[in-house]
Amino acid sequence: PTQPAKPSEPTQPAVDSASQQMKQFAQRINSLGTPAASRYNANTAEQTFALYNEYQTLSAEKKNKLDNSAKQSLINWYKLVQIHCCGEKGDSVYYAVSGRTLTIFGKGRIANCFKKIDEAKGTKQVKRRAYNKYSSSIQNVIVREGISYIGNGAFAYMGKLKKVEVQGTGTSFGIGAFFKNGKLSKVILKDGGKGRTIAFAAFAKCTALKSIRIPNG
């Protein structure tokens, strides 16, 4: 006898990969929490910068599939980042302070504070520095990869600064970039510094700094 035909399996709906990707992207945004100045630190700032740049590369289709609340949250977080700009005009360079550590991140050049060193003016030369209100308490400076130039006097006259880490392989130093930091005793430069230049008096009057290893490149 003829066997009765088996009922067909229900068709599974096709997975919308773009929607799934945007759901995961929204979760990453939401993990930052509610945008607020009190939550702004090196961690949230750098994550925001990375997420925003990733968002800029998305197709229009994917952007439309991103949850509106997550999208607005990202925009508001990025506004906080932009408030902390410390780069030359047109460059995407920002800062964040966590405890006694100042982190500079983004892409481009840290702004110059002066054209030449004038010791008679002292700290007045750097009073317009974006992060200057933290200068008397900062002990560590981290300059992330992506920063191509540390401006003239960018970290000068920081009385408690002890350690500097420059993670970019080709980051150059402007005039008096770290001038007169008497407690600075450790500078870490990444190997492979092709094209790096170190301008006049970049580390002048850093009396605790006995030597700097300049990497090959």
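Only a predicted model underlies this, so the values are computations on that prediction, with no experimental measurement involved.

Definitions and cut-offs
Residues numbered from 1 in each chain as written. Predicted model: local features only at pLDDT ≥ 70, side-chain atom pairs only at ≥ 80, totals over all residues. Heavy atoms only, no water. Helix = DSSP H or I, 4+ residues; strand = E, 2+ residues; numbered from the N terminus. Buried < 20%, exposed > 50% of the residue type's maximum accessible area, 1.4 Å probe, protein only. Contact = heavy atoms within 4.5 Å. Salt bridge = Lys/Arg side-chain N within 4 Å of Asp/Glu carboxyl O. Patch = residues over 30% accessible without salt bridge, like charges linked within 9 Å, V, L, I, M, F, W, Y side chains within 5 Å. Areas by Shrake-Rupley, 256 points an atom, 1.4 Å probe, with all protein chains shown as cover. Lys, Arg positive; Asp, Glu negative; His and termini not counted. Charge placed at Lys NZ, Arg CZ, Asp CG, Glu CD.

S.K.: Explain the side chain of Ser-135 to me, and be specific about the residues and the numbers.
M.R.: Tracing the sequence through the fold places Ser-135 in the loop between strand S2 (101-109) and strand S3 (140-143). Note on Ser-135: relative accessible area 6%, which makes it buried. Among residues more than four places away in sequence, those in contact with Ser-135 are Arg-129, Met-158 and Gly-159.

S.K.: An account of the pattern of salt bridges is needed here, citing residue identities and associated values.
M.R.: Tallied over the entire structure, the rule returns six salt bridges. The partner of Lys-180 in a salt bridge is Glu-119, with the nearest N and O atoms 3.4 Å apart. In this pair, Lys-180 sits in the loop between strand S6 (172-173) and strand S7 (186-189) while Glu-119 sits in the loop between S2 and S3, placing the two residues 61 residues apart along the sequence. Residue classification places Lys-180 among the partly exposed residues on the basis of a relative accessible area of 39%. In this structure, the salt-bridge partner of Glu-119 is Lys-205, at a minimum N-O distance of 2.9 Å. Residue Glu-119 is located in the loop between S2 and S3, and its partner Lys-205 is located in the segment after S7; the two are separated by 86 residues in the primary sequence. Judged by relative accessible area, which is 44%, Lys-205 ranks as partly exposed.

S.K.: So what's going on with a positive patch on the surface? Which residues, and what values?
M.R.: A surface patch of positive charge is lined by Arg-100, Lys-160, Lys-162 and Lys-183. As for its placement among the helices and strands, Lys-183 is situated in the loop between S6 and S7. We classify Lys-183 as partly exposed; its relative accessible area is 47%.

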